[in-house]
Structures are given as structure tokens and as C-alpha cells.
Amino acid sequence: MRLREILEKRFSENDLKQVKGSFDIIGDVAILEIPDSLSHREKDVVDALLEVHPNIRTVYKKESEREGVYRLRDFKLIHGDEKETEHKEHGLRIRLDVRKIYFSPREGTERQRIAKQVKANETVMVMFAGAGPYALTIAKNQPKVKKVYAIEINPDAYRYIIENVRINKLGHKIVPILGDVETECMKYSGKCDRVVMPLPKGAYEYIGLAADCLKKKGGFIHYYFWSSKDAIEDIKEIVEVDLKTVERKAKSMKVRKVSEYRPKVVKFCIDIKVE
Ligand SMILES: C[S@@+](CC[C@H](N)C(=O)[O-])C[C@H]1O[C@@H](n2cnc3c(N)ncnc32)[C@H](O)[C@@H]1O
């Protein structure tokens, strides 16, 4: 039985309306959204969740939006102990602590979509690498990839990339780099076939830098951003302008919807073929 179905039996219509339908499960940690008006029923929501997912050991309630450079949010512990967890995704093991680093289990399909495009012998740059889910997915799906560079500014996330590379036995393919893409990317100027930019809040600042990482013959940039549907053409124009600053241009731009972010705002990815 699904959580919603259990709650429908136990909650009034008014209370039910306030429970957010979707929740995230990362390893054995669950993350819920429960409004303050329903805090007196927190325990009932947790009990119902544990009936549906008996393997959950820790439950957090979201206490803020994601903030800051590291894209972290505040949580309140409402069940179990605060601890790191290990998430399984398409045969990968991803260790992390949701309090210290960004991770979204909702993007597994998108990571697969990107990884499937990577060809043998490619050198790939993953900017904003987090605990390494894109880098790991690429290296696992394309064993003949030459190298995957994974740049991350949050030292906790960087430590997890190192650990995740080790436990997935991908150390011969992935190079974790601690630092700011602003300074680190320059070291890879002209060396890459593909750049992944999974930072919807602010990746636009680095499009020129990403293009500069590509080999002279060109390559691909996967650029993530939030937008309303009607602003897509403007965003494509901004991409063109940014590419021009490093004397590159787009041969094609394919826009994909990744997920609903909030009402009328969608997370998109443009796969940009750069020449
Ligand atoms: C939206 S998260 C994505 C993390 C990971 N790629 C994932 O999908 O789980 C963006 C990450 O970029 C990192 N970050 C933000 N600004 C950065 C910068 N200038 N240089 C390197 N990393 C940065 C943050 O610490 C955060 O871990």
C-alpha cells in the first residue's frame, strides 16, 4: 500500500491536503515535507511511512529551501539517528550525508541519459560534482571512457566522491578535484570532449568556461537550468552569446525537461553540440 492510501484512512480531508504527496528516500533515510500546521501529526506520518518502507532508519523533515554555494538545506530529525547512508542507483553505491551535501535521488534517470551518450575514449568534465553521481554513472556505463574529472567545492562532498569512487572500484577512471570550477577548469582548457554542468542555480555563469574546456574540434555541454517554458528561446540566445565570448558556437541545442521544480518552473537540460 502507498503512503497516501494509508494517510487517506487516518487523516481528515483537511489534514491530508497539507501532506505533501512526494517524499525522497536516499538509502535508508527518508526526507519529508510536513507544514508547521501539521506538526502535531508528524509522528502519524512517520508511522505510516515506516509501514510502507520498513527499511527506513532515519526520517528528516525539510526545514528550509536549499541555500548557499553548497546547495544545502536545514532538516529536523523526526525519527531515528542522524547518520550517513548508502544509496543504490543503477548498480552504483553512493555514500553520503544528506545534512552535509546535495543529492537528489530523482535524477537517476537523467544521469543514465547523459551517461548513455558518452563514447569510448572521451574525456569528460563534471563540474559541480557533489558526491559524484554523474561521474560514477558515466564511468560505470562507459568503461572505455578515458577520464572523468569531477570538480566540487564542498570538502565534505569531495570526501564522499573519493569514497564512492573507491567502493565502486572506479579509481582508474575518475579524478576527484576539490576546488572552485572558476579556477580549476582553466587547467583543462582544450582537453575535454564533454562537460556536464549540474548546477541549475547559476551554471549560466560558467558556460564560457565549459566551452573553453572542450577540444578544438568541439564537443558537448549538458547545461542545467530552471525556467518557465516560455523563456527557453531567450536562454538559448544567452547560451549563444556566452559561447561567442570564447569563439565557439552551437551546432545544435536539444532541450529536455528533467523535472518539475515548482509551479510553472521546470528544470531543463540543454544538450549543446559545440563547434
Ligand atoms: C545542485 S548540486 C549537484 C551535485 C551533484 N552533481 C548531484 O547531481 O548530486 C551542485 C554542487 O555544486 C557545488 N558547487 C557550487 N558552486 C561550485 C563551484 N563554483 N565550483 C565547484 N563546485 C561548486 C555545490 O557544492 C554542490 O555540491
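The rules behind the values
Residues numbered from 1 in each chain as written. Predicted model: local features only at pLDDT ≥ 70, side-chain atom pairs only at ≥ 80, totals over all residues. Heavy atoms only, no water. Phe/Tyr/Trp six-rings, centres within 6.5 Å; stacked < 30°, edge-to-face > 60°. Helix = DSSP H or I, 4+ residues; strand = E, 2+ residues; numbered from the N terminus. Buried < 20%, exposed > 50% of the residue type's maximum accessible area, 1.4 Å probe, protein only. Lys NZ or Arg CZ within 6 Å of the ring centre and 35° of its normal. Patch = residues over 30% accessible without salt bridge, like charges linked within 9 Å, V, L, I, M, F, W, Y side chains within 5 Å. Areas by Shrake-Rupley, 256 points an atom, 1.4 Å probe, with all protein chains shown as cover. Salt bridge = Lys/Arg side-chain N within 4 Å of Asp/Glu carboxyl O. Lys, Arg positive; Asp, Glu negative; His and termini not counted. Charge placed at Lys NZ, Arg CZ, Asp CG, Glu CD. Expected span 1.5 Å × (residues − 1). Arc of directions from axis to C-beta. Contact = heavy atoms within 4.5 Å. Polar contact = N/O pair within 3.5 Å; in protein donor to acceptor, adjacent residues only side chain to side chain. Core = buried A, V, L, I, M, F, W, Y, C linked by side-chain atoms within 4.5 Å. Domains from an automatic or database assignment. Pairing = 2+ DSSP bridges. Axes fitted to C-alpha atoms, helices over the stretch in contact; angles between N-to-C directions.

Chemist: Outline the packing of aromatic side chains, supporting the account with residue identities and numerical values.
Modeler: For any pair of aromatic rings, the description rests on two quantities: the centre-to-centre distance and the angle between the ring planes. Counted under the stated rule, the structure contains 7 aromatic pairs. Ring geometry for Tyr60 versus Phe75: centroids 5.2 Å apart, planes at 40°, classification tilted. On the criterion of sequence distance, the pair formed by Tyr60 in strand S3 (residues 58-62) and Phe75 in strand S4 (residues 75-79) is long-range, its members being 15 residues apart. When the centroid spacing of 5.7 Å and the interplanar angle of 25° are considered together, the rings of Phe225 and Phe268 count as stacked. Of this pair, Phe225 sits in strand S11 (residues 219-227) while Phe268 is found in strand S13 (residues 265-274), placing the two residues 43 residues apart along the sequence. Take Phe225 and Phe268: they sit in the same class, and that class is buried. Aromatic ring contacts, followed pair by pair, group Tyr223, Phe225 and Phe268 into a single cluster. Against the face of Phe11 rests Arg41, its NZ or CZ located 3.9 Å from the ring centre. Just above the ring of Tyr134 sits the side chain of Arg111; from NZ or CZ to the centre is 5.6 Å.

Chemist: Break down a negative patch on the surface for me, with residues and values.
Modeler: A surface patch of negative charge is lined by Glu63, Glu65, Glu67 and Asp74. Looking at the secondary structure, you find Glu63 in the loop between S3 and S4. The class of Glu63 is partly exposed, set by a relative accessible area of 44%.

Chemist: Can you tell me about helix H6 (residues 155-167), naming the residues and giving the values?
Modeler: Taking 1.5 Å of rise per residue, 13 residues should cover 18 Å, and H6 covers 19 Å from first to last C-alpha, within 8% of that figure. Listed as buried for H6 are Ala157, Tyr160, Ile161, Asn164, Val165 and Ile167. Summarising the axial view, the buried residues of H6 lie within an arc of 165°, below the 170-degree limit, and thus occupy one face. In H6, the exposed positions angled more than 90 degrees off the buried face are occupied by Arg159 and Arg166. Buried positions along H6 lie against strand S5 (85-89), strand S6 (92-96), helix H5 (133-141), strand S8 (147-152) and strand S9 (174-178). Sitting at the amino-terminal end of H6 is Asn154, which places a side-chain oxygen 2.9 Å from the backbone nitrogen of Asp156. Directly after H6, the chain includes Lys169, whose backbone phi takes a positive value near 55°.

Chemist: Describe the nonpolar core, naming the residues involved and giving the relevant values.
Modeler: In this structure, Val98, Val124, Val126, Ile138, Val148, Ile174 and Val196 are the most contacted members of the largest nonpolar core, which totals 36 residues. Elements with a contribution of two residues or more to this core: strand S2 (29-32), S6, helix H4 (108-115), strand S7 (123-126), H5, S8 and H6. With 5 residues, H5 is the single largest residue contributor to this core. Two domains each provide a minimum of three residues to this core, namely domain 1 (3-83) and domain 2 (102-274). In this structure, Ile151, Ile177, Ala203 and Ile232 belong to the second largest nonpolar core, which totals 35 residues.

Chemist: Help me get a handle on H4, residues and values and all.
Modeler: For H4, a buried count of 6 out of 8 residues is recorded, marking the element as mostly surrounded by other parts of the structure. Along H4, the residues that are buried comprise Gly108, Glu110, Arg111, Gln112, Ile114 and Ala115. Against the buried residues of H4 lie S5, H5, strand S10 (194-197), S11, strand S12 (250-262) and S13.

Chemist: Any chance you could break down the sheet that holds S8 for me, citing the residues and the numbers?
Modeler: The 7 strands lie next to each other as S9-S8-S7-S10-S11-S13-S12, forming an open sheet whose pairing is mixed. Across the chains shown, the open sheet's two edge strands, defined by having one partner strand only, are S9 and S12. Geometrically, the sheet is characterised by an average inter-axis angle of 15° between neighbouring strands, direction not taken into account. Pairing of S11 with S13 involves 9 bridges; the strand directions are antiparallel. Residue pairing for S13: His222 is matched across the bridge by Asp271.

Chemist: Residues and numbers for the environment of Glu247, please.
Modeler: Within the secondary structure, Glu247 sits in the loop between helix H9 (232-244) and S12. C-alpha of Glu247 to C-alpha of Gly208: the two residues are 39 residues apart in sequence and 9.2 Å apart in space.

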